[in-house]
Structures are given as C-alpha cells and as structure tokens.
Amino acid sequence: MIKSYGICFVILMYTDVLSLGSLKIKLKNKSMKQVNLPLPNVDESEPIDIKVVVGKNIINFKVESFLWEVEDELSEDKDSTAVSLARITRLKKSIQNYDKTWELLQIFAPLENSGSIRVLYRKRN
Amino acid sequence: MLKTKKLIKIFRSDEIETTALNNVNLEIAEGEFVAIMGPSGCGKSTLLNILGLLDNPTSGEIYFNDSEVANYSERQRTKLRKANVGFVFQSFNLIDELSVYENVELPLLYLKYSAAERKKKVLEVLEYMQIAHRQKHFPQQLSGGQQQRVAVARAVVTNPKLILADEPTGNLDSVNGEDVMDLLTQLNNQGTTIVMVTHSATDAEKAHRIIQLFDGHIVTESIKRV
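Residues numbered from 1 in each chain as written. Chains lettered and ligands numbered in written order. Predicted model: local features only at pLDDT ≥ 70, side-chain atom pairs only at ≥ 80, totals over all residues. Heavy atoms only, no water.

### Structural notes on the overall build of chain A
Note the threshold: Elements are defined by DSSP. Helices are runs of H or I of four residues or more, strands are runs of E of two residues or more, and each kind is numbered from the N terminus. Exposure is judged per residue with a 1.4 Å probe applied to protein chains only, and the accessible area is read against the type maximum: over 50% gives exposed, under 20% gives buried, and values in between give partly exposed. We call two residues in contact whenever any of their non-hydrogen atoms come within 4.5 Å of each other. Accessibility throughout is a Shrake-Rupley quantity obtained with a 1.4 Å probe, and a residue counts as covered only by protein chains that appear here.
Counting its regular elements, chain A contains one helix and eight strands. When the helices and strands of chain A are placed in sequence order, the string is β-β-β-β-β-β-α-β-β. The 125 residues of chain A split such that 41% are buried. By sequence separation, contacts in chain A at least 24 residues apart represent 54% of the contacts at least 6 residues apart. For chain A, the accessible surface area stands at approximately 7700 Å², while carbon and sulfur atoms represent 52% of it.

As structure tokens, this is what we get:
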C-alpha cells in the first residue's frame, strides 16, 4: 500500500512520459503545464529524483532535502528569532553551495517539527 | 525604479510580536518582471503591500524612482500610488455594485480625467482585454477569469509604470490563469514593470527574475533562463 507523503509540483511542457523510479505515466494532453504527484511514503531526508521525457528531450527534477534542525548551532540562545535566523542562514548556505548545474524552482514549507526542508530543483540544459 | 534598504516589518499584538520582513534589500529596475515566491506566511504579500505603499514598514527605506517614500504622508502616498501603481489581487476586489465599465472607469475618476477621455480609455482597455462585450455586466455575472480580466483592465487603465500582482491566478483554473499570465507578460513587453507574488512555479517562469522569500528573508534570487 502506498501512503501519500505530500505533493510535489512539477513543471511540464508538452510532456509525453513522466517517470518516478520505475513508475512511468504516459501523458496525452500536449498542452499540460503542470502535474501534481502524490509521492510514496518516503523518508523526509531522502532526495527524490524525477525524470520527465518530452519527445527526445529529458528534463530532470530533484526534490532536495536540506537540514532544518539547528539545535547543534545554538548555544543557550534558543528563542524563536535565533532559531529562525540560524535556519535561514543554514538554508541560504545549502542553496549557495548546491551544485550549480541545478536551478532552484521552489522552496516548500517544512512540515511542523520536521528536521529537514524540501527544495525543488531542475537540471539546467 | 524600486529599491528597499534594510526593510523590516513587525506586527505586534498584545502578546505576540511577528517579524514579517527582516532586513529586505531589493532592487527592481524599470521594465523588469519580478516574481516573489515562498510558502504561505513568508512575508510575500506584506512585501508587496509595502512596495505599493499600502502599508508602512516598521523601519527601513523605500525608494520609488530615487525618491525616498517610506516616510511620505498618507496624502503623498495616495498621490504617488494613483499616478504610478496598478494593483491586481487574487480575489479580484471588484466593486459588486458597479458594472464592468464603471469598475474600470473608477481610477480615472480619481485622477479627474474628463468624461470623454474616460470613455476612450475604458473602451480601449476593455477591447484590449477582450472583455468589452461584458461592459454592462456586473462582476457577479462574470466567470472568475473574466473578473480577473476586468481587474487587470482596472489596474492598467491609468497606464501605470508599475503593476503589483498578488497571486493573480490564485483563484483561477489553469486555462484562465494562463490567459491572465499572458496579459501580464504582454503588458511587461510593452514596458510596464511587474512585481508578482505567487505560489506557482509555473507562473514564476514568466518572470525575468525570481526572488525566493522565506520567514521574511530573501533566501535567493535567480535570473530566468532565456
């Protein structure tokens, strides 16, 4: 049984086939611009790779997972402002240091009490 | 055209203090199409309202065409807004008691255009938005897509230099949403600067530059591939 983990937004143009792991979906609507996928119940820290086949072209998407927990960085000052700043700083560094062959598309809101935050990337041509 | 320096916005209630914007430094050039993205509650709409002088920052500076406007009086802000800025909202914000024609005419009345000038401009923009045939209808008689076309018509009828759009496709189906995005793109191609808040990565793709906001901070900016 597959449990839904969340929704991933994927941008598509004239998509023929969408593959998620071994799952392949044939798409007939040539004008479709976007597909929402209910994902299997995966570990929140695991990156998710998505391959979209458009005729002979392949577009690769990745839902990356960055560490969102910052307790190790904070000493005694653990008020909400300090936590927020530490998280933002860590997120900025993660994005800045990420492989530049990938283009950031969207930052998703982290789940409550989640230790990681999801970011959607698309492989540059 | 627009610039902010160390912009901070704090909302305070009796017990809670929420920092909606934290040291936002931003520069938007004339003719640009900029999308501001981020999850709900990250400060997108707050930023847009401050850029449009609908709200005041707690601290920081805002420059509109090199003039510092954060400390403008309400009267000065209104004057600057009416002459330069058009707004498009997710929920259209049309006046139900006024017809399509009257809704679009309203900004021109505030700017004291003559009746003949108003008629010419309103009909021109309604034709351009392909909604002229509905000019006598009231908003509730129109579909969501048509209502947003009217809202865009109202925003552009004064020929503003800047359009601020807050989730303009948020209440529309994908077809109507795409139409509205095409309209905004056409307006931008004709020189109008556009700043758009959106949740939609698809809509953001139409912009030249995408700013990612998170917890009131600009986390990253990306220039769109050409």
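### With respect to the interface of chain B and chain A
Short version of the rule: By buried area we mean how much accessible surface two parts lose on assembly, using a 1.4 Å probe and totalling the loss over both. For this document, the term salt bridge refers to a Lys or Arg side-chain nitrogen within 4 Å of an Asp or Glu carboxyl oxygen. N or O atoms closer than or at 3.5 Å make up a polar contact, with two conditions inside protein: a donor-capable atom paired with an acceptor-capable one, and, for residues adjacent in sequence, both atoms drawn from side chains.
Counting residues at the interface gives 16 residues for chain B, matched by 23 residues for chain A. For the pair chain B and chain A, the summed buried surface comes to about 1700 Å²; carbon and sulfur atoms form 56% of the total. Between chain B and chain A we count one salt bridge in total. With a closest N to O distance of 3.0 Å, A:Arg122 and B:Glu205 form a salt bridge. On the surface where chain B and chain A come into contact, there are five residue pairs in polar contact (both at pLDDT 80 or more).

### Thoughts on helix H3 (residues 100-110) of chain B
Residue and element names in this part refer to chain B. A large share of H3 lies buried, amounting to eight of its eleven residues. Along H3, the residues classified as buried are Val100, Tyr101, Asn103, Val104, Glu105, Leu106, Pro107 and Leu108. Against helix H4 (115-128) and helix H5 (144-156) lie the buried residues of H3. Directly beyond the C-terminal end of H3, a positive phi value near 60 degrees is found at lysine 112.

### Points about the packing of aromatic side chains
Note the cut-off: Stacked, tilted and edge-to-face are the three classes applied to pairs of Phe, Tyr and Trp rings, where Trp contributes its six-membered ring and a pair requires centres within 6.5 Å; stacked means planes under 30 degrees apart, edge-to-face means over 60, and tilted covers the rest.
One pass over the structure, following the stated rule, counts five aromatic pairs over all chains. Ring centres of A:Trp68 and B:Phe214 lie 5.3 Å apart, and the angle between their planes is 80 degrees; this geometry places the pair in the edge-to-face category. With one member in each of two chains, A:Trp68 in the loop between strand S6 (57-67) and helix H1 (80-96) and B:Phe214 in strand S9 (residues 209-214) form a pair that bridges those chains. No difference in accessibility class separates A:Trp68 from B:Phe214, as the two residues are buried.

### What to know about the sheet that holds strand S7 (residues 162-166) of chain B
Residues and elements named next belong to chain B. As a reminder of what qualifies: Strands qualify as paired when DSSP identifies two bridges or more between them. All axes are obtained by fitting lines to C-alpha atoms, using only the stretch in contact for helices, and the reported angles, taken between N-to-C directions, cover 0 to 180 degrees.
Spatially, six strands are ordered S6-S7-S8-S3-S9-S10 in an open sheet, and the strand pairing comes out mixed. Of all strands in the sheet, those bounded by a partner on one side alone are strand S6 (85-89) and strand S10 (217-223). The sheet shows a mean angle of 15 degrees between the axes of neighbouring strands, taken without regard to direction. Relative to strand S8 (residues 193-198), S7 is paired through five bridges, and the arrangement is parallel. Residue pairing across strands places alanine 165 opposite methionine 196, the latter belonging to S8.

### As for the side chain of B:Ser99
Inspection of the secondary structure puts B:Ser99 in the loop between S6 and H3. Apart from the residues lying within four places of it in its own chain, the contact partners of B:Ser99 are B:Gln135, B:Lys136, B:His137 and B:Phe138.

### Digging into the confidence of the model for chain A
Detailed reading of the predicted model is not advised wherever pLDDT is low. Worth spelling out the cut-off: Per residue, pLDDT measures the predictor's confidence, with a range of 0 to 100.
Confidence in the prediction of chain A, expressed as mean pLDDT, is 76, and 71% of residues score 70 or more. Predicted confidence for residues 1-15 of chain A stays below pLDDT 50, and this span has 61 contacts to residues more than four positions away or in other chains.

### Some details on H4(B)
Residue and element names in this part refer to chain B. To keep it simple, the criterion reads: A helix is expected to reach a length of 1.5 Å times the quantity of its residues less one. The directions considered for the arc run from the helix axis to the C-beta atoms.
With 14 residues, H4 extends 20 Å between its outermost C-alpha atoms, agreeing within 8% with the 20 Å of an ideal straight helix rising 1.5 Å per residue. Taken together, the buried positions of H4 are Arg118, Val122, Val125 and Leu126. With its buried residues spanning 100 degrees around the axis, H4 presents them on a single face. Exposed side of H4, more than 90 degrees from the buried face: Ala116, Lys120 and Glu127 are the residues found there. Buried residues along H4 sit in contact with H3 and H5. Trailing H4 by a residue or two, glutamine 130 shows a phi angle of about 55 degrees, which is positive.

### Here's the deal with the pattern of salt bridges
Pairing between side chains becomes possible if they bear opposite charge and their charged atoms approach one another. All names here are of chain B. This structure, assessed with the given rule, holds 13 salt bridges over all chains. Put simply, aspartate 55 and lysine 9 hold a salt bridge, and the shortest N to O gap is 3.3 Å. Separated by 46 residues along the polypeptide, aspartate 55 in the loop between helix H1 (44-51) and strand S4 (59-64) and lysine 9 in strand S1 (residues 2-12) bring together distant segments of the chain. On the basis of relative accessibility, which here comes to 23%, the residue aspartate 55 falls in the partly exposed class. The partner of glutamate 74 in a salt bridge is arginine 77, and the shortest N-O contact between them spans 3.9 Å.

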